[in-house]
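What follows is each chain in one-letter form.
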Amino acid sequence: MIATLLRRDLGRLLPGGPGGAGVLPLLFFLAVAMLYPFAVGPDAQLLARTGGGVIWVAALLAAILPLEKLVADDLEAGVFDQLYLRGMSEEWAMASRLLAHWLAFAPLLLLATLPAAALLGLSGETTRTVLLGLLAGTPGLAAVGLSVAALTASLRGGAALAGLMVIPLAVPILIFGAGALARPDPGALLLTGAISLGLCAVAPFAAGAAIRAAREG
Amino acid sequence: MQARLAATDLACRRGDRLLFRGLSFACAPGDAVHIAGANGIGKSSLIRILAGLLRPFSGEVVRAGKIGLTDERLALDENLPLGKALAFWERLDGLRNARPRDDVLQLNALRDVPVRFLSTGQRKRAALARLLNAAPPIWLLDEPLNGLDEQARKTVEKLVAEHRAGGAIAVVASHQPVVLPGAQIIDLAEYAA
């Protein structure tokens, strides 16, 4: 049952599916990496020093784009009601949604990091640190995104609010994930991963509770 | 397991309005209930309370048997062709390529049409097709006749009758008259607070 749901969620969220934001987050991500050198000038040293952080900020903002339809459409359509009547708890439905959301946006984002790093002239080692950091941090971003999307799904103008709410919640991931660039210390990456795992563990419950609350409202 | 649905002393509050109170009934296998009343009197809320999707303000509901619900929320992917959208629920309900009763609802010709292009009546029929596939012993139908033509209404009434003949329960909320032989009729206006 959960596999069937996961397949549907993936079909909806992957680029080309009706429920996702398509390749828009990727284009947005690459556009930031492309615009940054125009804005600060062609100082290669400066770009190489700050580029990793820019990629992190771009990734965080790109992660906000798919949130609008992540939960709201299905909540409106009564999909979670029908799942509940078939004995599937909101928590399982949200766990499936979390995995599908991460799969639909993170692998492509990691791929897009390579051209973005090239645009900013990052060294091989910095690029590696950014990639590892994003690999550790994106599950956490997805978890925060899902929780917030579920919380705001029943509100009018929820999408804009979701964007604002994700940013402060994502700060810990940003601090440790991007912080790994400043110090060659694997501890920061490990902490990023730990934060991500913690958020992923909590998100299905928080989002599930939000769905139930929206039903009562 | 015998299907059973019983409500005791239900009250429903939405916002700061008490919609109804003191509502009790019990259904044995084969029974039907027609919930009647004007718009906004709480029919849909009662259906959702019976389904367990809404907490009653007071009172309790006892259910034995799986619940099937059709209401104004279709829960089908609007962008998919009807056949594919229904196929997801068929897989979830454990049916493989089974479309035993679709023809009863005359949906086979619509299987390639995206859900968003379906008319009101066609959407109602699609929701009923999913209910038939899932075959739960307790049916909760919220305004099942809305937007249906004369022929489709007769089909729905026939399906409900067959369903009851098989020892199952049907609760129909409808502001229009429905042919439900021997059904208990609950006029929500009598329970309005």
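## Brief notes about the overall build of chain B
Stage number 1. Helix and strand counts for chain B come out as four helices and eight strands.
Stage number 2. The C-alpha radius of gyration computed for chain B amounts to 17 Å, which stays within 12% of the reference 16 Å derived for 193 residues, consistent with globular compactness.
Stage number 3. Across its three principal directions, the C-alpha atoms of chain B cover 45 × 35 × 30 Å.
Stage number 4. Contacts in chain B between residues far apart in sequence, at least 24 positions, make up 71% of those at least 6 positions apart.
Stage number 5. Of the roughly 8,800 Å² that chain B leaves accessible, carbon and sulfur atoms contribute 48%.

## Topic: the overall build of chain A
Stage number 1. Tallying secondary structure elements over chain A gives nine helices and zero strands in all.
Stage number 2. Each helix and strand of chain A, placed in order from N terminus to C terminus, yields the pattern α-α-α-α-α-α-α-α-α.
Stage number 3. A compact globule built from 217 residues would reach a C-alpha radius of gyration of about 17 Å, and chain A, at 18 Å, matches this within 12%.
Stage number 4. Considered along the principal axes of its C-alpha atoms, chain A spans approximately 60 × 30 × 30 Å.

## What about helix H3 (residues 44-64) of chain A?
All names here are of chain A.
Stage number 1. Across its 21 residues, H3 extends 29 Å between first and last C-alpha, which sits within 8% of the 30 Å expected from 1.5 Å per residue.
Stage number 2. Approximately 45° is the largest bend angle found in H3, and it occurs at Thr50.
Stage number 3. When we look at burial in H3, the residues that qualify are Leu47, Gly51, Gly52, Val54, Ile55, Trp56, Ala58, Ala59, Leu60, Ala62, Ala63 and Ile64.
Stage number 4. Those residues of H3 that are buried lie in contact with helix H2 (24-40), helix H6 (90-120), helix H7 (124-152) and helix H8 (158-182).
Stage number 5. Near the N-terminus of H3, the side chain that reaches the backbone nitrogen of Gln45, with its oxygen 3.1 Å away, is that of Asp43.

## Considerations on the nonpolar core
Stage number 1. Of all hydrophobic cores here, the largest spans 93 residues; its most connected members are Phe29, Ile55, Val71 and Leu83 of chain A together with Leu76 and Leu82 of chain B.
Stage number 2. Here this core takes 14 residues from H6 of chain A, the largest share from any one element.
Stage number 3. Setting aside residues no more than four positions away along its own chain, Leu82 of chain B makes contact with Leu76, Leu107, Leu110, Arg111, Val113, Val115, Leu118 and Ala126 of chain B.
Stage number 4. With 31 residues, the next largest nonpolar core counts Ala3, Ala51, Leu53 and Ile169 of chain B among its residues.

## Topic: the pattern of salt bridges
Stage number 1. Enumeration over the complete set of coordinates arrives at 19 salt bridges over all chains.
Stage number 2. Residue Glu90 of chain A is joined to Arg215 of chain A by a salt bridge in which the shortest nitrogen-to-oxygen separation is 2.7 Å. A residue pair is termed long-range when its members are at least 10 positions apart, and Glu90 of chain A in helix H6 and Arg215 of chain A in helix H9 (residues 186-216) qualify at 125 residues.
Stage number 3. Residue class for Arg215 of chain A comes out buried when judged on its relative accessible area of 10%.
Stage number 4. Put simply, Glu150 of chain B and Lys154 of chain B hold a salt bridge, and the shortest N to O gap is 3.8 Å. Of this pair, Glu150 of chain B and Lys154 of chain B both sit in helix H4 (residues 150-165), four residues apart, roughly one helical turn. There is no split in this pair, since Glu150 of chain B and Lys154 of chain B are both exposed.
Stage number 5. Salt bridges here are not isolated pairs; linked through shared partners, they connect Asp81, Glu90, Glu91, Arg212 and Arg215 of chain A together with Arg48, Asp71, Glu72 and Arg73 of chain B.

## Notes on the sheet that holds strand E3 (residues 32-36) of chain B
All names here are of chain B.
Stage number 1. With parallel pairing, the five strands of this open sheet are ordered in space as E5-E6-E7-E3-E8. A single partner strand is all that each edge strand has here, and the edge strands are strand E5 (67-70) and strand E8 (184-187). Averaged over all pairs of adjacent strands, the angle between their axes in this sheet comes to 15°, without regard to strand direction.
Stage number 2. Of the strand pairs in this sheet, E3 and strand E7 (residues 169-173) are connected by four bridges, and their pairing is parallel. Paired with Val33 across the two strands is Val171, which belongs to E7.

## Looking at the interface of chain B and chain A
Note on interface size: it is often stated as the accessible area lost on association of the parts.
Stage number 1. With 22 residues of chain B at the interface, the matching set in chain A holds 22 residues.
Stage number 2. Taken over both partners, the interface formed by chain B and chain A buries close to 2,100 Å², and the fraction arising from carbon and sulfur atoms is 54%.
Stage number 3. Interface area lost by chain B to chain A is led by Leu53, Phe88 and Leu92 of chain B, which between them contribute 26%.
Stage number 4. At the boundary of chain B and chain A, one finds five salt bridges.
Stage number 5. In this structure, Asp93 of chain B and Arg86 of chain A form a salt bridge, with 2.7 Å as the shortest nitrogen-oxygen distance.
Stage number 6. At the boundary of chain B with chain A, the tally comes to nine residue pairs in polar contact (both at pLDDT 80 or more).
Stage number 7. Element by element, the count of residues in the side of chain B that touches chain A is highest for helix H2 (residues 82-92) of chain B, at four residues.
Stage number 8. Of the residues contributing to the side of chain B that touches chain A, the split by class is 11 nonpolar, two polar and nine charged.

So, how was this worked out
- Residues numbered from 1 in each chain as written.
- Chains lettered and ligands numbered in written order.
- Predicted model: local features only at pLDDT ≥ 70, side-chain atom pairs only at ≥ 80, totals over all residues.
- Heavy atoms only, no water.
- Helix = DSSP H or I, 4+ residues; strand = E, 2+ residues; numbered from the N terminus.
- Rg over C-alpha atoms; globule rule 2.2 N^0.38 Å.
- Contact = heavy atoms within 4.5 Å.
- Areas by Shrake-Rupley, 256 points an atom, 1.4 Å probe, with all protein chains shown as cover.
- Expected span 1.5 Å × (residues − 1).
- Bend = angle between axes of the 7 residues up to and from the residue.
- Buried < 20%, exposed > 50% of the residue type's maximum accessible area, 1.4 Å probe, protein only.
- Polar contact = N/O pair within 3.5 Å; in protein donor to acceptor, adjacent residues only side chain to side chain.
- Core = buried A, V, L, I, M, F, W, Y, C linked by side-chain atoms within 4.5 Å.
- Salt bridge = Lys/Arg side-chain N within 4 Å of Asp/Glu carboxyl O.
- Pairing = 2+ DSSP bridges.
- Axes fitted to C-alpha atoms, helices over the stretch in contact; angles between N-to-C directions.
- Buried area = accessible area lost by both parts, 1.4 Å probe.
- Nonpolar A, V, L, I, M, F, W, Y, C, P; charged D, E, K, R; others polar.

Geometry only, nothing functional implied.
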